[in-house]
Amino acid sequence: MPHLVGLAPPPLPAHDGTVVGIASDSTNKLLVSAGSDSALRVWDFRTQKLRAELPLGSAASHMQLHAGTGLAAVVCVDRTVRMVDIEAARIVRRFSGHR
């Protein structure tokens, strides 16, 4: 549906809970967000369209993106750090057992 002048644009498919981290890649092509709803979402920065949604298996509590590599470190409440390749939208490493 096209945007009509004077009307608000339709809402984006938002997180169902608190957003705990958000960052853009080094070229501002992608935006990544992590939430307490156990999801990581990758967005097209220009069009604002959702490109990918990745279930984390546990609620995220923190996220840090290394813009040069496109890897996001997502800390979850299950005490596991998940390394996510945001371009491929997949978990590439898990580090468990943190206290």
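Description of the structure in this document. (Residues numbered from 1 in each chain as written. Predicted model: local features only at pLDDT ≥ 70, side-chain atom pairs only at ≥ 80, totals over all residues. Heavy atoms only, no water.)

1. Overview of the overall build of the chain
Put simply, the rule is: Helix numbering and strand numbering both begin at the N terminus, where a helix is a DSSP run of H or I of at least 4 residues and a strand a DSSP run of E of at least 2. Partly exposed describes any residue whose relative accessible area lies between the buried limit of under 20% and the exposed limit of over 50%, with all areas from a 1.4 Å probe on protein chains only and scaled to the type maximum. The contact rule is simple, with two residues in contact once any of their heavy atoms fall within 4.5 Å.
Counting its regular elements, the chain contains zero helices and eight strands. Secondary structure elements in the chain, listed N-terminal to C-terminal, are β-β-β-β-β-β-β-β. Going through the 99 residues of the chain one by one, you find that 31% of them count as buried. If you take every contact in the chain between residues at least 6 apart in sequence, the share linking residues at least 24 apart comes to 24%.

2. Here we look at the pairing of strand β6 (residues 71-76)
Convention followed: Here, any two strands with at least 2 DSSP bridges between them count as paired.
Burial along β6 is one-sided: Ala72, Val74 and Cys76 are buried, and none of Leu71, Ala73 and Val75, which face the opposite way, are. Relative to β6, strand β5 (residues 60-66) is paired through six bridges, and the arrangement is antiparallel. Among the inter-strand pairings, His62 is bridged to a residue of β6, identified as Val75. In textbook terms, the turn of a hairpin is the stretch between consecutive antiparallel strands, and for β5 and β6 this stretch comprises four residues, one of which, Gly70, has a positive phi near 75 degrees.

3. Some thoughts on the pattern of salt bridges
Threshold: Whenever Lys or Arg places a side-chain nitrogen within 4 Å of a carboxyl oxygen from Asp or Glu, that contact is recorded as a salt bridge.
Per the counting criterion, the structure on display carries four salt bridges. For Arg41, the salt bridge goes to Asp37, with nearest N and O atoms at 3.3 Å. A relative accessible area of 22% places Asp37 in the partly exposed class. The shortest N-O distance in the salt bridge between Arg82 and Asp78 comes to 2.8 Å.

Note that every value here comes from positions in space, so none of it alone points to a role or purpose.
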